[in-house]
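Understanding the architecture of this molecule
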Amino acid sequence: MGHLGAFFILLGALGALAEICVIPEMDNQLVEKLGQHLLPWMDQLSLEHLNPSLYVGLRLSSMQAGTKEDLYLHSLKLDYQKCLLGSTSRNYNNGCQTKPSMGQLALYLLTLRANCEFVGSRKGDRLVSQLKWFLEDEKRAIGHDHKGHPHTSYYQYGLSILALCVHQKRVHDSVVGKLLYAVEHDHHLHQGHLSVDTVAMAGLALTCLERFNFNPDLRQRITLAIQTSKEKILKAQTPEGYFGNVYSTPLALQLLMTSPMPRMGLGIACLKARTALLAILKDGTFQNALMISQLLPVLNHKTYMDLIFPDCQAPRVMLASTLENPSPAHVSEMISVTLKVSSVLPPYQQAISVLAGSSLKDVLEKAHELGGFTYGTQASLSGPYLTTVMGKAVGDREFWQLLRAPDTPLQQGIADYRPQDGETIELRLVSW
């Protein structure tokens, strides 16, 4: 038989041991209800509220929003190109209150691929150049000895590489090398704990690079880093079944679904995650638009890798608008939530009365109205996050952590979490 025949037999045996991550179909009504959560967001067409991830999620799902979807894409193109390309001066304005971040630009490039468009023309080349300049700047911030940190995050770093890759734009080995080093060395992807969504985004970016073989000198490291990313995600699975938490699970599943893995238990781990997500979908607490947009492709057996060669002719079911209004304005019951801030002097603690079903952001706003409490937020694609509390702003490598007493970190942000009667919520300034 010879050595070559023995090699192929061994290869076949290894392939037989490989497992795949498959998410069985969920109830169509549940999935449609999840998609309907995105429709109100698609009515918000100001630059501040435009979120390219919503469009990408819908195009990779089994559903569509018809003319609303077309209008949303038109608004994205109009505002993003105006605000990103409208001026080369440092006194940037052009009617744009804020310039989209490079993470948003990366998502915008994914949007174009979701519509089967490649960046071309001078405008497209300028967008690509901006993203490459951003990566070079972040690479310098990390440093040749890898002791620094990106100005933004490794999540945006990986997302930017992915966006360029699906448009078949090569990224320099030195830029890719920084992401590889971060995956190879755990502490670079920690924010007090392993950031599963960051690891997943890095793995997706590297998977795209591997498929195109854009960086042949790094190919072995890239292949190994993809496997390392998957192993880290599997080890981060909670007893409930989430990978990290409920909000990082969709992106983690996208990476695990990209290719088979020579690891026993992968299929079971994915089924366990599906069961956990199904429970969340049934009780209706999964409302964050960004995370919904990352979950919808998974439920349609697709991932961001499908943006490499998207199928824009695939049939999709039209989403029907829902008249359901989950607003707490129709609920008359009042609850009491204690708000606590120990990271300032003097410490703050106050019982706040709000309508049942109110979000934590509603609690903060009510506390501000009552006096003695101040806070500031900044918008992001996953919702607003705290930047200042009681006049104390976050510093370098700091953030305001949300905890339910006595010491349970919240998995949701201020706009998504809805406190229960009698709960104490602490805002704690922590470093990472």
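Scroll up for the structure.
Residues numbered from 1 in each chain as written. Predicted model: local features only at pLDDT ≥ 70, side-chain atom pairs only at ≥ 80, totals over all residues. Heavy atoms only, no water.

**With respect to the sheet that holds strand E9 (residues 408–409)**
- Pairing is mixed across the open sheet formed by five strands, whose spatial order is E4-E3-E10-E8-E9. The outermost strands of the open sheet, each flanked by one partner alone, are strand E4 (348–355) and E9.
- As paired strands, strand E3 (residues 334–341) and E4 are joined by eight bridges and run antiparallel to one another. Paired with Ser336 across the strands is Ser353, a residue of E4.
- In the packing of helix H14 (residues 360–370) onto the sheet, contacts are made with E3, E4, strand E8 (398–404) and strand E10 (424–431), and the angle to E4 comes to roughly 115 degrees. (Pairing = 2+ DSSP bridges. Helix = DSSP H or I, 4+ residues; strand = E, 2+ residues; numbered from the N terminus. Contact = heavy atoms within 4.5 Å. Axes fitted to C-alpha atoms, helices over the stretch in contact; angles between N-to-C directions.)

**Re the sheet that holds strand E6 (residues 385–389)**
- Read across the open sheet, the three strands follow the order E5-E6-E7; overall the sheet is antiparallel. The sheet is open, and its two borders are formed by strand E5 (375–378) and strand E7 (392–393), each paired with just one other strand.
- Of the pairings in the sheet, the one linking E5 to E6 comprises four bridges and is antiparallel in character. Opposite Gln378, over in E6, you have Tyr385 as the bridge partner.

**Observations regarding empty space enclosed by the protein**
- Summed over the entire model, instances satisfying the criterion amount to two cavities of 30 Å³ or more.
- When its volume is computed, the second largest cavity comes out at roughly 60 Å³.
- Ranked by the residues each element gives to the lining of the second largest cavity, the list is headed by helix H2 (residues 28–36), at three residues.
- The residue makeup of the lining of the second largest cavity, split by class, is four nonpolar, two polar and one charged. (1 Å grid on protein atoms, 1.4 Å probe; cavity = no way out; pocket = protein on both sides within 12 Å on 5 of 7 lines; lining within 4 Å. Points joined across faces, edges and corners; volume = space filled by probe spheres on them. Nonpolar A, V, L, I, M, F, W, Y, C, P; charged D, E, K, R; others polar.)

**Some details on the pairing of E3**
- Counting the residues that bridge the hairpin from E3 to E4 gives six residues.
- Pairing analysis gives four bridges linking E3 to E10, with the strands arranged parallel. Opposite Lys340, over in E10, you have Glu426 as the bridge partner.

**What about the state of the cysteines?**
- Taken as a whole and assessed by the stated rule, the structure comprises three disulfides.
- The residue that forms a disulfide with Cys116 is Cys312, at a sulfur-sulfur distance of 2.0 Å. On the sign convention where negative means left-handed, the S-S torsion of about 110 degrees between Cys116 and Cys312 marks this disulfide as right-handed. Placement of the pair is Cys116 in the loop between helix H5 (102–114) and helix H6 (121–142) and Cys312 in the loop between helix H13 (289–299) and strand E2 (317–318), with a sequence separation of 196 residues.
- Accessibility expressed as a relative area gives 35% for Cys116, which makes it partly exposed.
- Taking the relative accessible area as the measure of exposure, Cys312 reaches 23% and is therefore partly exposed.
- Across a sulfur-sulfur distance of 2.1 Å, Cys165 and Cys208 are joined as a disulfide pair. Because the torsion about its S-S bond is -95 degrees, the bridge between Cys165 and Cys208 counts as left-handed. (Disulfide = S-S within 2.5 Å. Buried < 20%, exposed > 50% of the residue type's maximum accessible area, 1.4 Å probe, protein only.)

**Quick word on unusual backbone geometry**
- With an omega dihedral of -5 degrees, the bond running from Leu345 to Pro346 counts as a cis peptide bond.
- On the secondary structure map, Pro346 appears in the loop between E3 and E4.
- Cis rather than trans, the peptide bond between Ala405 and Pro406 has omega equal to 10 degrees.
- By the element assignment, Pro406 lies in the loop between E8 and E9.
- Non-glycine residue Cys116 carries a positive phi angle of around 60 degrees.
- A positive phi angle, close to 55 degrees, is found at Asn213, a residue other than glycine.

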